[in-house]
Amino acid sequence: MIVTIDGVAASGKSSVSSGVAQALGVPYVSSGLLYRAVTLLGLNAGADLADAATLLPLLSGVRLEPLASGNRVWNAGADLTADLHSTRVDAGVSTVAAIPQIRQWVDDQLRALPAPLVAEGRDMGTNVFPYAQHKFYLTASPRVRAERRAKERPEDIPAIEAALTERDRQDTTQSAPAPDARVIDTGPLTLQGVIDTILEHLR
Ligand SMILES: Nc1ncnc2c1ncn2[C@@H]1O[C@H](COP(=O)(O)OP(=O)(O)O)[C@@H](O)[C@H]1O
Ligand SMILES: Nc1ccn([C@H]2C[C@H](O)[C@@H](COP(=O)(O)OP(=O)(O)O)O2)c(=O)n1
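In this text the structure is predicted, and so the values were computed from the model without any measurement. (Residues numbered from 1 in each chain as written. Chains lettered and ligands numbered in written order. Predicted model: local features only at pLDDT ≥ 70, side-chain atom pairs only at ≥ 80, totals over all residues. Heavy atoms only, no water.)

Student: For this particular structure, what's the right way to read the site of ligand 2?
Tutor: Neighbouring ligand 2 are 19 residues, the closest being Arg122, Arg149, Arg167, Asp171 and Gln174. For ligand 2, an oxygen atom lies 2.5 Å from a polar atom in the side chain of arginine 122. Separating a nitrogen atom of ligand 2 from a side-chain N or O atom of aspartate 123 is a distance of 2.8 Å. Within the complex, 97% of the 510 Å² of free accessible area of ligand 2 lies under protein. Elements supplying a minimum of two residues to the shell around ligand 2: α2 (31–44) and α4 (87–97). Per-element tally for the shell around ligand 2: the top contributor is α2, with 4 residues. Here the residues of the shell around ligand 2 sort into 6 nonpolar, 5 polar and 8 charged. (Near = heavy atom within 4 Å. Polar contact = N/O pair within 3.5 Å; in protein donor to acceptor, adjacent residues only side chain to side chain. Areas by Shrake-Rupley, 256 points an atom, 1.4 Å probe, with all protein chains shown as cover. Helix = DSSP H or I, 4+ residues; strand = E, 2+ residues; numbered from the N terminus. Nonpolar A, V, L, I, M, F, W, Y, C, P; charged D, E, K, R; others polar.)

Rendered as structure tokens:
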């Protein structure tokens, strides 16, 4: 069984996927972490984030560890995970995610994983796992998402909201919900409420 949970930035995809995956006793995979890892390695190498030819050779040692409690990304034995949610990675990741060769590299990593799993990102239900049995798409207003993310970033809420809205705009191409996805507005719900809503649909 494959469950896909797509949605806009900071809509709750990772937290919800982790909760659903733990309830089901299966792993979840965060595709955004792979795009973030490419961005971090590119920034650290001083690379042009729009240049696939420079970025791809940096990725040979990158591996996603899809634990249900929280994914980790490794590069040749070094754990990158703690550095993947910085403001500078946030600012560069949409440029990296627009490169077709990088999208292909991420898709190959994900499709190599054995089912059952919960996969979260932007295009899990449309492109990577179009045959998934259960598809969900999370939304919330920009302000609600910025208020949530403000607990995880040093910037104030208006600055975070502006950055989220800009990233939504840059990510529009790959962010359309699958026609067969169930759309959930997480704004009025608690985290557990979203997890329970999905689990009810799966039963
Ligand atoms: N329904 C919700 N109500 C309140 N907080 C939530 C809800 N969903 C997610 N959060 C919180 O919002 C933050 C962003 O969630 P996260 O899972 O990182 O989103 P995404 O993976 O879409 O970026 C986290 O701190 C999470 O605990
Ligand atoms: N399947 C995916 C997952 C993420 N991305 C891109 C788009 C996002 O700007 C970045 C980071 O995504 P991630 O889900 O980690 O983070 P946010 O919830 O957007 O803060 O990666 C994508 O293009 N396709």
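We are not done yet, so read on.
Student: Any chance you could explain the site of ligand 1 here in plain terms?
Tutor: If you check the shell around ligand 1, you find 15 residues, and the closest are Lys13, Ser14, Ser15, Arg149 and Glu152. Serine 15 places a side-chain nitrogen or oxygen 2.5 Å from an oxygen atom of ligand 1. Contributing elements (two or more residues each) for the shell around ligand 1: α1 (13–24), α7 (142–149) and α9 (191–202).

Student: What exactly am I supposed to notice about the pairing of strand β1 (residues 2–7) here?
Tutor: Most of β1 is tucked away: 6 of the 6 residues are buried. Burial of β1 is two-sided: the residues Ile2, Thr4 and Asp6 facing one way and the residues Val3, Ile5 and Gly7 facing the other way are all buried. Sheet analysis places β1 next to strand β7 (residues 134–139), joined by 5 bridges and oriented parallel. Note that in β7 the partner of threonine 4 across the bridge is lysine 135. (Buried < 20%, exposed > 50% of the residue type's maximum accessible area, 1.4 Å probe, protein only. Pairing = 2+ DSSP bridges.)

Student: Is there a simple way to think about the pairing of strand β6 (residues 117–121) in this case?
Tutor: For a regular strand, side chains alternate in direction, first toward one face of the sheet and then toward the other. By the criterion of burial, β6 is predominantly enclosed, with 5 of the 5 residues buried. Burial along β6 is two-sided: the face carrying Leu117, Ala119 and Gly121 and the face carrying Val118 and Glu120 are both buried. Where β1 lies against β6, 5 bridges are found, and the strand directions are parallel. Bridge pairing in β6 links threonine 4 to alanine 119. Here strand β2 (residues 28–30) runs beside β6; their pairing, made up of 3 bridges, is parallel. Counterpart to valine 29 in the pairing with β6 is alanine 119.

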